[in-house]
Structure formats: structure tokens, C-alpha cells
Amino acid sequence: NAGVTQTPKFRVLKTGQSMTLLCAQDMNHEYMYWYRQDPGMGLRLIHYSVGEGTTAKGEVPDGYNVSRLKKQNFLLGLESAAPSQTSVYFCASSFPRRTSGRATYNEQFFGPGTRLTVL
Amino acid sequence: KQEVTQIPAALSVPEGENLVLNCSFTDSAIYNLQWFRQDPGKGLTSLLLIQSSQREQTSGRLNASLDKSSGRSTLYIAASQPGDSATYLCAVSPKDSNYQLIWGAGTKLIIKP
């Protein structure tokens, strides 16, 4: 199993350009997530999806759009890139949170990240 | 609003030392707390998950503790090795969300040979 893969690994854009980041997972996970990671800050959730055909906004959704046409894929789009979107982007996937007795399991599995620079 | 803090932001120790990384959170209403490892250019790997009802979890040379009432968790690494060099992040699963993890900014650990 490849786990979670991301394409591309690196990208440099000029302000105003558009691009799409692709995330794929082969673990049959219902949930998928897009995060961004900036220096000195924790991961921040951009958008997430709880199933094929559904998406929802996370903590920092502005300037991004997403689509989940297939269960295994989650796309993150930047329509008009801005320097503030320079970041490392991580995709993750998981099963829905489940509870067994007093234990709760919601482990997320991460891709290797995409380093995006917007000039 | 739940906030997660990790101090220090960076730590450098000689090989062989035992060390402790700290994570604090502001709201005790959590399902669990997780510790992750991040290597440069790679994704995050889950190391340990502690349920809110547990006090500690162990995996090899790693031991994570949780004191929910005081909003603190520690990750203890015994007999550190250069291969332990990485950034360590903690994240809590808050009870007011079905999906979200709230993340600390991480501690960058360097183990000197």
C-alpha cells in the first residue's frame, strides 16, 4: 500500500497563477483533510471531506477550493495564488472517529507534503 | 478556544541523554492526545495516542504521559540517538468537534553524536 500520496512535491508560482494539488489514499478512508504548516505555527486545517462528494471548510479556507469526486482523491485548488499562501501543504486521511468503551480512535495518516512558494 | 503550546521550540542534546518534551493545552475536554514525529521533507508519523482516561502510553524508548486536569502531556525519550532528530508535534482531539485536531507548533529536536 502506498498510503497517502501527494502531487507535486514542490511548486513555485507567480502571484495570480492557479494550480491544483492532488492527494490520493489507498486505505479506503472516508475522511480526508488538507492542512497548511507555516513556521512557528501548528498545522491549520484548510478544508476537509467526510465522504465522496462532500466537502467542508476548516479553520483557514479563504483562497482555496476543494473537490472530492472520488473517495480516494482529494484535490486542493488555488484559483489566484498569493504570497501569503506560501506554505507546506499536507494531506491526511482517516476513518471516522470511533469509540470503543472509554477509548476514542481517530488516527490520521499523512502524505509527505507539498512545498509551495508564491512569488 | 482550545490552544496547544509546545515548549521549547527547539532542543539540542548529546546522544545518550534522556529527555522530555512538553505539550500543554487549555481545555481539558478532549478525547485523546497524540504525539507525532515529522522528518524533513516527509509527512507526519503518529508515535503514541493517549486516551483521555489514560495516564501514559509506552512504545519502545518513548513514553508519553497525560495529566488532563492540568492540561499537560510529556513525551519522554530514553537513551536518545541521532536518529531521533526530528520535529515532534502534539495534537489534541477536542470533544466539540467530530473531525478536528488542534496542533502545537512542535519542538525541533537535534541529537548530537
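Values in this document were obtained by computation on a predicted structure and should not be read as measured data.

(A) Region of the structure containing the packing of aromatic side chains. Enumeration according to the criterion identifies eight aromatic pairs over all chains in this entry. Taking the centre distance of 6.4 Å and the plane angle of 70° together, the rings of Tyr31(A) and Tyr33(A) count as edge-to-face. The same class applies to Tyr31(A) and to Tyr33(A), which are both buried. Arranged with centres 5.8 Å apart and planes meeting at 85°, the rings of Phe110(A) and Phe36(B) form a pair that is edge-to-face. Residue Phe110(A) is found in strand β12 (residues 109-110), and its partner Phe36(B) is found in strand β4 (residues 30-38); the two belong to separate chains. As far as the burial class goes, Phe110(A) and Phe36(B) line up, both buried. Through a chain of ring-to-ring contacts, the aromatic side chains of Tyr31(A), Tyr33(A), Tyr35(A), Phe110(A), Phe36(B) and Trp103(B) assemble into a single cluster.

(B) Representation of the state of the cysteines within the structure. Going through the model one piece at a time under the given rule, you end up with two disulfides over all chains. Each sulfur in the disulfide pair Cys23(A) and Cys91(A) lies 1.8 Å from the other. Because the torsion about its S-S bond is -75°, the bridge between Cys23(A) and Cys91(A) counts as left-handed. Note that Cys23(A) is positioned in strand β3 (residues 19-25) and Cys91(A) in strand β9 (residues 87-94), a separation of 68 residues in sequence. An identical accessibility class is assigned to Cys23(A) and Cys91(A); each is buried. The disulfide bridge from Cys23(B) ends at Cys90(B), spanning 2.0 Å between sulfur atoms. Around the S-S axis, the bridge from Cys23(B) to Cys90(B) shows a dihedral of about 80° and counts as right-handed.

(C) Main features of the layout of surface pockets. Of the pockets and cavities examined, the largest pocket occupies roughly 650 Å³. Lining the largest pocket are 25 residues, and of these Gln37(A), Val88(A), Arg115(A), Gln38(B) and Thr87(B) lie nearest its centre. Of all the secondary-structure elements, those providing two or more residues to the lining of the largest pocket are β9 and β13 (114-118) of chain A together with β9 (86-94) and β11 (107-112) of chain B. Here the second largest pocket defines a volume of roughly 430 Å³. As for the second largest pocket, its lining consists of 24 residues, of which Glu59(A), Lys1(B), Gln2(B), Glu3(B) and Ile102(B) are closest to the centre. Of all elements in the fold, only β5 (44-51) of chain A together with β1 (4-7) and β10 (102-103) of chain B reach the threshold of two or more residues within the lining of the second largest pocket. Broken down by element, the lining of the second largest pocket gets its largest block of residues, three residues, from β1(B). The residue makeup of the lining of the second largest pocket, split by class, is 10 nonpolar, seven polar and seven charged.

(D) Structural detail: the pairing of strand β3 (residues 19-25) of chain B. All names here are of chain B. Side chains Leu19, Leu21, Cys23 and Phe25 of β3 all project onto a buried face; the interleaved residues Val20, Asn22 and Ser24 project onto a face where none is buried. In this structure, β1 lies alongside β3, joined through four bridges in antiparallel fashion. Residue pairing for β3: Thr5 is matched across the bridge by Ser24. Sheet topology note: the β3/strand β8 (residues 72-77) ladder contains six bridges and is antiparallel. Within β8, the position partnered with Val20 by the bridge is Tyr76.

(E) Just the pattern of salt bridges, in detail. For the coordinates displayed, the defined rule picks out four salt bridges over all chains. Note that Arg36(A) is salt-bridged to Asp38(A), the shortest N-O span being 2.9 Å. For the pair formed by Arg36(A) and Asp38(A), the shared burial category is buried. For the salt bridge of Arg37(B) with Asp39(B), the shortest nitrogen-to-oxygen distance reads 3.0 Å. A network of salt bridges, in which partner residues are shared, links Arg36(A), Asp38(A) and Arg44(A).

(F) Structural view of the interface of chain A and chain B. The interface is formed by 24 residues belonging to chain A together with 25 residues belonging to chain B. Of the roughly 1900 Å² buried where chain A meets chain B, counting both sides, 50% is carbon and sulfur surface. Taken as a group, Arg97(A), Asn106(A) and Phe110(A) account for 26% of the area that chain A buries against chain B, more than any other trio of residues on that side. If you look at where chain A meets chain B, you find zero salt bridges. Linking chain A with chain B are one residue pair in polar contact (both at pLDDT 80 or more). Going through the elements one at a time, β4 (31-37), β5 and β11 (103-105) of chain A are the ones with two or more residues in the side of chain A that touches chain B. The element contributing the most residues to the side of chain A that touches chain B is β4(A), with four residues.

What counts as what
- Residues numbered from 1 in each chain as written.
- Chains lettered and ligands numbered in written order.
- Predicted model: local features only at pLDDT ≥ 70, side-chain atom pairs only at ≥ 80, totals over all residues.
- Heavy atoms only, no water.
- Phe/Tyr/Trp six-rings, centres within 6.5 Å; stacked < 30°, edge-to-face > 60°.
- Buried < 20%, exposed > 50% of the residue type's maximum accessible area, 1.4 Å probe, protein only.
- Helix = DSSP H or I, 4+ residues; strand = E, 2+ residues; numbered from the N terminus.
- Disulfide = S-S within 2.5 Å.
- 1 Å grid on protein atoms, 1.4 Å probe; cavity = no way out; pocket = protein on both sides within 12 Å on 5 of 7 lines; lining within 4 Å.
- Points joined across faces, edges and corners; volume = space filled by probe spheres on them.
- Nonpolar A, V, L, I, M, F, W, Y, C, P; charged D, E, K, R; others polar.
- Pairing = 2+ DSSP bridges.
- Salt bridge = Lys/Arg side-chain N within 4 Å of Asp/Glu carboxyl O.
- Contact = heavy atoms within 4.5 Å.
- Buried area = accessible area lost by both parts, 1.4 Å probe.
- Polar contact = N/O pair within 3.5 Å; in protein donor to acceptor, adjacent residues only side chain to side chain.

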